[in-house]
Amino acid sequence: MRRLLTRLGFYLFTAWAAITINFLIAHTLPGDPVSALLAKYAGQINSSAIASLTALFGLNKHQSLWGSYLSYWGQLAHGNLGISFTQFPTPVSTLIGQYLPWTLFLVGTATVLSFVIGTGLGVISGWRRGAWTDGLLPAASFLSSIPYFWLGLIAITVFTGPGSWLPGSFSFSQGLTPVWTTSFVGDALQHAILPAATIVVSTMSGWMLSMRNMMVTVTSEDYITVAHAKGLSERRVMLSYAARNALLPNISGFALSLGFIVSGTFLVEIVFNYQGVGLLLLQAIGADDYPLMQGIFLVITLAVLAANFLADLAYLILDPRTRQEG
Amino acid sequence: MRPNRFRLPRFLRNHKAAAGALILLFFLVFAVIGPWIAPYSPDQTGTAIVVGPSSAHWFGTDQLGRDIYSQLLVGTRGVVVVGFLAGAIATVLSMLIGIASGYLPGRGGESLSVLSNVFLVLPALPLLIIITSTQQSNGWVVILVIGLTSWAWNARLMRAQTLSLRRRDYIEAARATGESTSRIIVFEILPNLTALIASGFIGTVVFTVLTEITLAFVGISVSEWNWGTVLYWAQSQDALAQNAWWWFVPAGLAIALLGTGLALLNFGIDEFVNPRLRSSGPARIKTATGRRVRMRIGFTPVTGAPGELVPALAQDPEGETL
């Protein structure tokens, strides 16, 4: 319980750090977003609206740094992430709310799949060193050094095109409206296959390599020898004795690398034109839409922190030592 | 007496390390000579627009008739320079923070450890994108920002290793003889972290290269050529829809090859330091009676008839008879 509270405290601190960084970046922005917006919508915005816009974007320079920091927190407390420049006047939170579920679905499925498959392969190749699985190692290191997005490009070239069953872009067929019907869900799944497979293939090898190393280390422990000597079945020693203990570092590694994985997923979305937060981020970069970029950073950070906390819970369940009180 | 011939350093006699070093050397050479041997200027437009590989344009041309082979050659320098400089910055930072947080007692060490965990958990790419797109980005800003955001993983490893070293007998002895903290860190701890620092540096370079290429791919700092810039144009000009595979395949292969080379070098270091990881020899050995025995760590199977014992232990892993 104490450990859980410590972790919770750490995540709260990290969230605070992310929000503060976000705020500070906003205050070093070059130029004046309001005048940029006015130039873009020349003639459409009443000049008397400038003052209210300035206040709206939180650019009131008369406020002290501390004062605007406090009002920034006040805005966040109301779920107000500002207003998007590009899709003026849609609030950033509405935009992110539309795109986020797709990203969560894609990242969630792909990450869990790749962790399970990769760890499984790692268990086998670590247990049987010198068997055919060792041949996977060079291939794995090659795959793990390919950028996600490039693998996505290749996947599109190879697997899609006229006559192919797999679609190469979008998260659902254009023209459908997102509703919970079987046909729509099926369509969405069909669109998710290639992007998810891309992420699985390129992240899997990392889990495999680290799990293999841990298995090799664990295999030479005395308790494994004892388990063999007791005459336990090969399978039982491998899974319940070796893999059970080798798994723990991999789980904490899983939590820590979620941030990297999410970043990689953004690129896959861009390549596949998948309607997720990554695509939204690309549009924001293209249009210098700072409120949108910052909103995305903040929401993604919070999501990663939440996922980390879940991984911590899993670790707590798997490792009895952490449950000791006192 | 052995004939006095040239021998590779022991580390490079590992096949993985040698292959990795060779690949790295290949790219380093191109980073130096790339811009000189490029047949065209990477920005020189031509009349042949989006044509496939030919003798005039080895890797074809892009939407403005620019030569993609030249873009890749010129871009190699950008990739290598940014990757290694940012990697060096990150490695130095991770050494300072990792060792300090492992060695310093109490609050100081703890807070440094929390700092590196914060940087580890924050999703780096959106942060990088925000920072680099808001600042007037030139090459140096990109190098600095990538370096400043990619040190955390190594710092964590160094901290763990330092923590396990600081209570060892020889460190206690050094402390007891009154050596200063800085001397203990530099002369007692640092040498024992060499392998970790080396493999950490290589791993970080892989990461910084990928980050740099990613930033270029999403359209930040496209003014200077690197492999990501080529991919950026390929993506934004719909190379896929035009079936222009020559536009993005060579760039991606170059990235993957460089990454694989560095990863192999790292495997080499790992195996050099930790012999358990070497996968030498087949796992199954046939005994004289025809039975198959599976080699297992912790067991020493006897694999020959009693008279002709050739135990595996009589040879060291480098193949030299002891």
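A quick note: this is a predicted structure, and the numbers were derived from the prediction, not measured. (Residues numbered from 1 in each chain as written. Chains lettered and ligands numbered in written order. Predicted model: local features only at pLDDT ≥ 70, side-chain atom pairs only at ≥ 80, totals over all residues. Heavy atoms only, no water.)

Caption draft 1: Inspection of the overall build of chain A at higher detail. For chain A, the count of helices and strands is 12 helices and 0 strands. Along chain A, from the amino end to the carboxyl end, the secondary structure elements read α-α-α-α-α-α-α-α-α-α-α-α. Per-residue burial for chain A yields a buried fraction of 48% across its 326 residues. Partitioning the contacts of chain A with sequence separation of at least 6, the portion at a separation of at least 24 is 75%. Surface accessibility of chain A: about 15100 Å² in total, with carbon and sulfur atoms responsible for 67%. (Helix = DSSP H or I, 4+ residues; strand = E, 2+ residues; numbered from the N terminus. Buried < 20%, exposed > 50% of the residue type's maximum accessible area, 1.4 Å probe, protein only. Contact = heavy atoms within 4.5 Å. Areas by Shrake-Rupley, 256 points an atom, 1.4 Å probe, with all protein chains shown as cover.)

Caption draft 2: Molecular detail of the overall build of chain B. Along its length, chain B carries 11 helices and 2 strands. In chain B, of all internal contacts separated by at least 6 residues, the share reaching a separation of at least 24 is 64%. As displayed, chain B offers around 16000 Å² of accessible surface, 64% of which is attributable to carbon and sulfur atoms.

Caption draft 3: A look at empty space enclosed by the protein. All names here are of chain B. In this structure the tally under the stated criterion is 2 cavities of 30 Å³ or more. Of the pockets and cavities examined, the largest cavity occupies roughly 50 Å³. Of all the secondary structure elements, the ones that give two or more residues to the lining of the largest cavity are helix H9 (194-217) and helix H11 (245-273). A per-element tally of the lining of the largest cavity places H11 first, with 4 residues. (1 Å grid on protein atoms, 1.4 Å probe; cavity = no way out; pocket = protein on both sides within 12 Å on 5 of 7 lines; lining within 4 Å. Points joined across faces, edges and corners; volume = space filled by probe spheres on them.)

Caption draft 4: Layout of a nonpolar patch on the surface. On the surface, a nonpolar cluster with roughly 430 Å² of combined accessible area is contributed by Met1, Leu5, Leu8 and Leu12 of chain A. Along the polypeptide, leucine 8 of chain A turns up in helix H1 (residues 2-27). (Patch = residues over 30% accessible without salt bridge, like charges linked within 9 Å, V, L, I, M, F, W, Y side chains within 5 Å. Salt bridge = Lys/Arg side-chain N within 4 Å of Asp/Glu carboxyl O.)

Caption draft 5: Just the interface of chain A and chain B, in detail. At the junction of the two partners, chain A supplies 57 residues and chain B supplies 50 residues. Carbon and sulfur atoms make up 75% of the surface buried where chain A meets chain B, a total of about 5100 Å² over both sides. Contact with chain B buries surface across chain A, with Arg129, Trp150 and Leu256 of chain A losing the most and accounting together for 13% of the total. One can count 0 salt bridges joining chain A with chain B. For the interface between chain A and chain B, the tally reads 1 residue pair in polar contact (both at pLDDT 80 or more). For the side of chain A that touches chain B, the secondary-structure elements that each account for two or more residues are H1, helix H6 (136-144), helix H7 (148-159), helix H8 (182-219), helix H9 (222-229), helix H10 (234-272), helix H11 (277-286) and helix H12 (290-318) of chain A. Partitioned by chemical class, the residues of the side of chain A that touches chain B number 35 nonpolar, 17 polar and 5 charged. (Buried area = accessible area lost by both parts, 1.4 Å probe. Polar contact = N/O pair within 3.5 Å; in protein donor to acceptor, adjacent residues only side chain to side chain. Nonpolar A, V, L, I, M, F, W, Y, C, P; charged D, E, K, R; others polar.)

Caption draft 6: View of the UniProt feature "transmembrane region" (unreviewed entry) in chain A. Residues and elements named next belong to chain A. When the UniProt feature table is mapped onto this chain, "transmembrane region" (unreviewed entry) is found at residues 9-29, 99-124, 136-159, 188-209, 246-272 and 292-318. The annotated region residues 99-124 carries 100% helix and 0% strand content, and the separation between its end C-alpha atoms amounts to 38 Å. Here residues 292-318 is 100% helix and 0% strand, with 39 Å between the C-alpha atoms at its ends. (UniProt positions renumbered as here; feature names shortened; annotations may be inferred.)

Caption draft 7: Local environment of the packing of aromatic side chains. Residues and elements named next belong to chain B. Under the criterion given, the structure shown has 17 aromatic pairs over all chains. Members of the aromatic cluster, connected to one another through ring pairs, are Phe26, Phe27, Phe30 and Trp227. Over the ring of tyrosine 103 we find arginine 166, and its NZ or CZ is 5.8 Å from the ring centre. The residue whose ring lies beneath arginine 183 is phenylalanine 187, and the NZ or CZ to ring-centre distance is 4.6 Å. (Phe/Tyr/Trp six-rings, centres within 6.5 Å; stacked < 30°, edge-to-face > 60°. Lys NZ or Arg CZ within 6 Å of the ring centre and 35° of its normal.)

Caption draft 8: Broad picture of the UniProt feature "transmembrane region" (unreviewed entry) in chain B. Residue and element names in this part refer to chain B. Annotation from UniProt places "transmembrane region" (unreviewed entry) at residues 79-100, 112-133, 139-158, 193-220 and 245-269. For residues 112-133, the helix share is 91%, the strand share is 0%, and the end-to-end C-alpha distance is 28 Å. Annotated as residues 193-220, this span is 86% helix and 0% strand, and its ends, taken at the C-alpha atoms, are 36 Å apart.

Caption draft 9: View of the side chain of glutamate 269 of chain A. All names here are of chain A. Here glutamate 269 is to be found in helix H10. What makes glutamate 269 buried here is its relative accessible area of 0%. Only 2.6 Å separates the side chain of glutamate 269 from the backbone nitrogen of glycine 278, close enough to count as a polar contact. In contact with glutamate 269, other than residues within four places in its own chain, are Thr103, Leu106, Tyr274, Gly276, Val277, Gly278 and Leu279.

Caption draft 10: Highlighting the environment of alanine 48 of chain B. All names here are of chain B. You can see alanine 48 is positioned in the loop between helix H1 (15-37) and helix H2 (68-103). Taking the C-alpha atoms as reference points, alanine 48 and glycine 65, 17 residues apart in sequence, are found 5.1 Å from one another. Ignoring anything within four residues of it in the chain, the contact list for alanine 48 reads Thr61 and Gly65.

Caption draft 11: Structural detail: the nonpolar core. In this structure, Ile296 of chain A together with Ile129, Trp227 and Leu231 of chain B are the most contacted members of the largest nonpolar core, which totals 122 residues. Per-element tally for this core: the top contributor is H11 of chain B, with 12 residues. Residues within four places of leucine 231 of chain B in sequence aside, it is in contact with Phe149, Trp150 and Leu153 of chain A together with Phe217, Phe248, Ala251 and Ile255 of chain B. Of all hydrophobic cores here, the second largest spans 13 residues; its members include Ile224, Tyr241, Ala242 and Ala246 of chain A. (Core = buried A, V, L, I, M, F, W, Y, C linked by side-chain atoms within 4.5 Å.)

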